[in-house]
Amino acid sequence: MEKFVPVVVIKELSETDKILTALKNSGIKTAEITFRTACAAEAIAYAVKNYPDMAIGAGTVINAKQCKEALAAGATFIVSPGLSEGVAKICAKKNIPYYPGCVTPTEIMAALELGITTVKFFPANVYGGLKALKALSAPFPQVKFIPTGGVDRSNIDEFLAFDKIAAIGGSFFVKEALEKMEAEQ
């Protein structure tokens, strides 16, 4: 897994090229396209076809139906704001990485029972940030985290320095990449 997982919201399919090109130009080869818009599945399919050198996943997947749609579109990983047993089972059966949002010991234990050892920690800033991740790592040394929400340039290095961080998620990567691309034009 890449260290940076941009959370990408595609409102219109026509935005896909601009956003993914900007990310690639910034050296980022991963995109978590959220399932919050009407064109999400179409955007994932387009991205998988036209950006084969990027890892294209689906984010904000909250149920089995969305998971099936995302996988049919070609998503190579699935991310949820919480833990869905239905999504976990589909991903396990198809050998697709699933990163559910887990912020409490009970949620982490449920993920572990499903065979999941890397979880999204969302929203990281609301649930205690790096201090909470360090505390949770003591009873769960086998777990890696993807903090998302409240991670930005002001604190990203602190998160990345912690060995239990699998990656950093965030929409700020998209904003930065687009600003950089526009400045270069």
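What counts and what doesn't
Residues numbered from 1 in each chain as written. Predicted model: local features only at pLDDT ≥ 70, side-chain atom pairs only at ≥ 80, totals over all residues. Heavy atoms only, no water. Helix = DSSP H or I, 4+ residues; strand = E, 2+ residues; numbered from the N terminus. Rg over C-alpha atoms; globule rule 2.2 N^0.38 Å. Buried < 20%, exposed > 50% of the residue type's maximum accessible area, 1.4 Å probe, protein only. Areas by Shrake-Rupley, 256 points an atom, 1.4 Å probe, with all protein chains shown as cover. Lys, Arg positive; Asp, Glu negative; His and termini not counted. Charge placed at Lys NZ, Arg CZ, Asp CG, Glu CD. Salt bridge = Lys/Arg side-chain N within 4 Å of Asp/Glu carboxyl O. Core = buried A, V, L, I, M, F, W, Y, C linked by side-chain atoms within 4.5 Å. Axes fitted to C-alpha atoms, helices over the stretch in contact; angles between N-to-C directions. Parallel < 35°, antiparallel > 145°, perpendicular 65-115°, else oblique. Contact = heavy atoms within 4.5 Å. Nonpolar A, V, L, I, M, F, W, Y, C, P; charged D, E, K, R; others polar.

## Remarks on the overall build of the protein
Logical step 1: A tally of regular secondary structure across the protein gives eight helices and eight strands.
Logical step 2: Taking 16 Å as the expected radius of gyration for a compact globule of 185 residues, we find that the protein reaches 16 Å, a close match to that expectation.
Logical step 3: Principal axes of the C-alpha set define a box for the protein whose edges measure 50 × 35 × 25 Å.
Logical step 4: Taking all 185 residues of the protein together, the buried fraction comes to 49%.
Logical step 5: Of the accessible surface of the protein, which amounts to about 8,900 Å², a share of 54% is contributed by carbon and sulfur atoms.
Logical step 6: Across the protein, the 20 positively charged side chains and the 19 negatively charged ones have centroids separated by 5 Å.

## Looking at the side chain of Lys-164
Logical step 1: Looking at the element boundaries, Lys-164 is found in the loop between helix 7 (156-161) and strand 8 (168-170).
Logical step 2: No salt bridge is formed by the buried Lys-164. Its closest oppositely charged neighbour is Asp-163, at 5.0 Å.

## Quick look at unusual backbone geometry
Logical step 1: Between Phe-122 and the following residue, Pro-123, the backbone shows a cis peptide bond with an omega angle of -15°.
Logical step 2: Relative to the assigned elements, Pro-123 resides in the loop between strand 6 (118-121) and helix 6 (129-137).
Logical step 3: Positive phi is not limited to glycine here, since Thr-60 has a value of about 55°.
Logical step 4: Note that Thr-60 resides in the loop between strand 3 (55-59) and helix 3 (64-73).
Logical step 5: By relative accessible area, which is 22% here, Thr-60 ends up partly exposed.
Logical step 6: Not every positive phi belongs to a glycine, and Asn-95 is a case in point at roughly 60°.

## Here we look at the nonpolar core
Logical step 1: Core analysis: the biggest nonpolar cluster contains 58 residues, and Leu-23, Ile-78 and Phe-145 have the highest contact counts within it.
Logical step 2: Ranked by residue count, the leading element in this core is helix 8 (residues 172-184), at six residues.
Logical step 3: Grouped together as the second largest cluster of nonpolar side chains are seven residues, Val-79, Tyr-99, Ile-146 and Ala-166 included.

## Some details on the packing of helix 1 (residues 15-25) against helix 8
Logical step 1: At a minimum axis separation of 8 Å, helix 1 and helix 8 run at an interaxial angle of 85°. With respect to helix 8, the axis of helix 1 lies roughly perpendicular. Along its contact with helix 1, which presents Lys-18, Ile-19, Thr-21, Ala-22, Leu-23 and Asn-25, the element helix 8 presents Phe-173, Val-174, Ala-177, Leu-178, Lys-180, Met-181 and Glu-182.
Logical step 2: For the contact of helix 1 with helix 8, the residue count by class is eight nonpolar, two polar and three charged.

## Describing the pattern of salt bridges
Logical step 1: Applying the stated criterion across every chain yields a total of seven salt bridges.
Logical step 2: One salt bridge connects Lys-175 with Glu-179, and the closest N-O pair in it is separated by 3.2 Å. Of this pair, Lys-175 and Glu-179 both sit in helix 8, separated by four residues, roughly a single helical turn.
Logical step 3: When its relative accessible area of 44% is taken as the criterion, Glu-179 is described as partly exposed.

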